[in-house]
Amino acid sequence: ALPVVAIVGATGAVGVELLECLEQRDFPLSELRLLASARSAGKTMTFKGKEITIRALDENSFDGVDIALFSAGGSISKVYGPIAVKAGAVVVDNSSAFRQDPNVPLVVPEVNPEAVKQHQGIIANPNCSTIIALVPLWPLHVKNRITRFIAATYQAASGAGAAAMEELREGTRAYLEGRPFTPTVLPHPYAFNLFSHNAKVDPANGYNEEEMKMVKETWKIFGDADIRISATCVRVPVLRAHSEALTVEFERPITPAEVKDILATAPGVRIVDDVEKNYFPMPVDASGQGDILVGRIRQDISDPSGRSIQLFVAGDQLLKGAALNAVQIAELL
Ligand code: A2P
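Residues numbered from 1 in each chain as written. Predicted model: local features only at pLDDT ≥ 70, side-chain atom pairs only at ≥ 80, totals over all residues. Heavy atoms only, no water.

**Here's the deal with the sheet that holds strand E11 (residues 228–235)**
Reasoning step 1: An order of E10-E11-E9-E12-E15-E14-E13 is seen for the seven strands of this open sheet, with the pairing classed as mixed. Every other strand in the sheet has two partners, leaving strand E10 (195–196) and strand E13 (269–271) as the edge strands with one partner each.
Reasoning step 2: Helix H6 (residues 256–264) rests against E13, strand E14 (292–299) and strand E15 (308–316) of the sheet, and its axis sits at about 165 degrees to E14. (Pairing = 2+ DSSP bridges. Helix = DSSP H or I, 4+ residues; strand = E, 2+ residues; numbered from the N terminus. Contact = heavy atoms within 4.5 Å. Axes fitted to C-alpha atoms, helices over the stretch in contact; angles between N-to-C directions.)

Below you can see the structure in the form of structure tokens.
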């Protein structure tokens, strides 16, 4: 029989995209169960032309569920993930709750699909900035080991949820109309501004949690904890696609032509690198599509050994950075 699939957090920024991905990819299922908070219970969402009534999440929500896609925040995952597993479901969790658990595979299907087999009920979907960097970096790493990379991110509001996207719209409107606006979701004014990622900063090393996720999750997904990584994560006033500047050092010398060659056939990657037109990856172009856009492919002139490359990438945070990757994991199941 076809699986029963549940979305936990169906009304959220990622939840809506999960439903959309299941529909567009014609995911084989016999029932789609939509779960959210009591606030949303009774409302409906449309899946393949049919209205489905949203139910309030509770201990009995997972009876008969085979695959549960979680995107309602880490605290909900911690409480209800194990309940879903006990009910017999395999959980694909979009939060960071279980990502570093050694019993939980952390999966980007283009990178480590075989890790799915090791699951003990829960599979974690990586951090969005991590996924968007690793889809293009993996095929390069396979050909010429990456020894170090440095990332600077330009992250969209969507990573902080639907309310943050709305706050960006509202704050921008207020700014243009000259009205005062006090942000309530994000810690700083967002319109015509940018700020260091609002994740907690570790006073011991000065890095915020988002930056350390990129470091530790890359080690786990690549199965290589010798790669030296550092990141600066910044939120920019963009709705739903993250961009990243990546400086990547390889074991052996490498040229931009080789990188383009490798990435031309890499799954989930599209090269956007038109030097003549000055046309490169942009969040508006990445929004709404599954591929990671890669451009500005050039030798890092600060490394005379010829082993370093610079790239600029953009990817839809809600799709490949979250919902699409989760649905691809479910497809592997
Ligand atoms: P709801 O819309 O009913 O509040 P986002 O990441 O965009 O902020 O979305 C969060 C998702 O998590 C929403 O679908 C939200 O549902 C859901 N959610 C938040 N709190 C709970 C809760 N206590 N129980 C179930 N779902 C929750």
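**Things to note about H6**
Reasoning step 1: Among all positions of H6, only Val259, Ile262 and Leu263 are buried. All buried residues of H6 lie within an arc of 95 degrees about the axis, which places them on one face of the element. Of the residues in H6, the exposed ones pointing more than 90 degrees away from the buried face are Ala257, Asp261 and Ala264.
Reasoning step 2: On its buried side, H6 packs onto helix H3 (128–143), E13, E14 and E15. (Buried < 20%, exposed > 50% of the residue type's maximum accessible area, 1.4 Å probe, protein only. Arc of directions from axis to C-beta.)

**Quick notes on the nonpolar core**
Reasoning step 1: Phe62, Leu137, Phe149, Leu246 and Leu311 are the most contacted members of the largest nonpolar core, which totals 53 residues.
Reasoning step 2: For this core, the element with the most residues is H3, which contributes seven residues.
Reasoning step 3: Viewed by domain, this core spans two of them, domain 1 (4–126 + 323–332) and domain 2 (130–317), each represented by three or more residues.
Reasoning step 4: Those residues in contact with phenylalanine 149 that lie beyond four places of it in its chain are Leu134, Leu137, Thr218, Ile227, Arg228, Ile229, Ser230, Leu246, Thr247 and Val248.
Reasoning step 5: In this structure, Val90, Val107, Phe195 and Leu324 belong to the second largest nonpolar core, which totals 42 residues. (Core = buried A, V, L, I, M, F, W, Y, C linked by side-chain atoms within 4.5 Å. Domains from an automatic or database assignment.)

**Comments concerning the sheet that holds strand E6 (residues 67–70)**
Reasoning step 1: Read across the open sheet, the six strands follow the order E5-E2-E1-E6-E7-E8; overall the sheet is parallel. Of all the strands in the sheet, just strand E5 (55–56) and strand E8 (122–124) have a single pairing partner and so form its edges.

**Some details on the pairing of E6**
Reasoning step 1: Going residue by residue along E6, you find Ile67 and Leu69 tucked away on one face and Ala68 and Phe70 tucked away on the opposite face as well.
Reasoning step 2: Relative to E6, strand E1 (residues 4–8) runs parallel, the two sharing four bridges. Across the sheet, the residue bridging to alanine 6 is alanine 68, located in E6.
Reasoning step 3: For E6 and strand E7 (residues 90–93), the ladder comprises four bridges, and the chain directions are parallel. When the sheet's bridge partners are listed, alanine 68 is paired in E7 with valine 91.
Reasoning step 4: With helix H2 (residues 74–86) bridging E6 and the parallel E7, this β-α-β connection has right-handed handedness. (Right-handed = clockwise from strand over helix to strand, strands pointing away.)

**Quick look at the side chain of lysine 320**
Reasoning step 1: Checked against the element boundaries, lysine 320 lands in helix H8 (residues 319–332).
Reasoning step 2: Exposure remark for lysine 320: the relative accessible area of 2% places this residue in the buried category.
Reasoning step 3: Ignoring any residue separated from it by four or fewer positions in sequence, one finds lysine 320 in contact with Val108, Pro109, Glu110, Ile131, Val135, Gly290, Ile292, Asn325 and Gln328.

**Comments concerning a nonpolar patch on the surface**
Reasoning step 1: Together, Tyr175, Leu176 and Phe192 line one region of the surface with nonpolar side chains, adding up to about 390 Å² of accessible area.
Reasoning step 2: Its place among the elements puts phenylalanine 192 in the loop between helix H4 (162–176) and E10. (Patch = residues over 30% accessible without salt bridge, like charges linked within 9 Å, V, L, I, M, F, W, Y side chains within 5 Å. Areas by Shrake-Rupley, 256 points an atom, 1.4 Å probe, with all protein chains shown as cover. Salt bridge = Lys/Arg side-chain N within 4 Å of Asp/Glu carboxyl O.)

**Focus: the side chain of serine 61**
Reasoning step 1: With respect to the secondary-structure elements, serine 61 resides in the loop between E5 and E6.
Reasoning step 2: Residue class for serine 61 comes out buried when judged on its relative accessible area of 4%.
Reasoning step 3: A distance of 2.8 Å separates a polar side-chain atom of serine 61 from the backbone nitrogen of aspartate 58.
Reasoning step 4: Those residues within four positions of serine 61 in sequence are excluded, and the remaining contacts are Arg33, Leu35 and Ala56. (Polar contact = N/O pair within 3.5 Å; in protein donor to acceptor, adjacent residues only side chain to side chain.)

**Considering the environment of lysine 213**
Reasoning step 1: Mapping lysine 213 onto the fold places it in helix H5 (residues 209–222).
Reasoning step 2: In this structure, the C-alpha to C-alpha distance between lysine 213 and glycine 12, residues 201 residues apart in sequence, is 22 Å.
Reasoning step 3: If we ignore the near neighbours within four places in the chain, the residues touching lysine 213 are Ser96, Arg99, Asn127, Thr130 and Thr218.

**Regarding the pattern of salt bridges**
Side chains that carry opposite charge are capable of pairing whenever their charged atoms lie near each other.
Reasoning step 1: A complete count under the given rule lists 17 salt bridges for this structure.
Reasoning step 2: Across the pair glutamate 31 and arginine 55 runs a salt bridge, and its minimum N-O distance is 3.8 Å. With glutamate 31 in strand E2 (residues 31–36) and arginine 55 in strand E5, this pair connects stretches of sequence that are 24 residues apart.
Reasoning step 3: Overall, glutamate 31 belongs to the partly exposed group, its relative accessible area being 28%.
Reasoning step 4: For arginine 55, a relative accessible area of 42% translates into the label partly exposed.
Reasoning step 5: Across the pair arginine 169 and glutamate 166 runs a salt bridge whose closest N-O atoms are separated by 3.1 Å. Residue arginine 169 and its partner glutamate 166 are located together in helix H4, separated by three residues, close to a single helical turn.
Reasoning step 6: Classification of arginine 169 as partly exposed rests on a relative accessible area of 35%.

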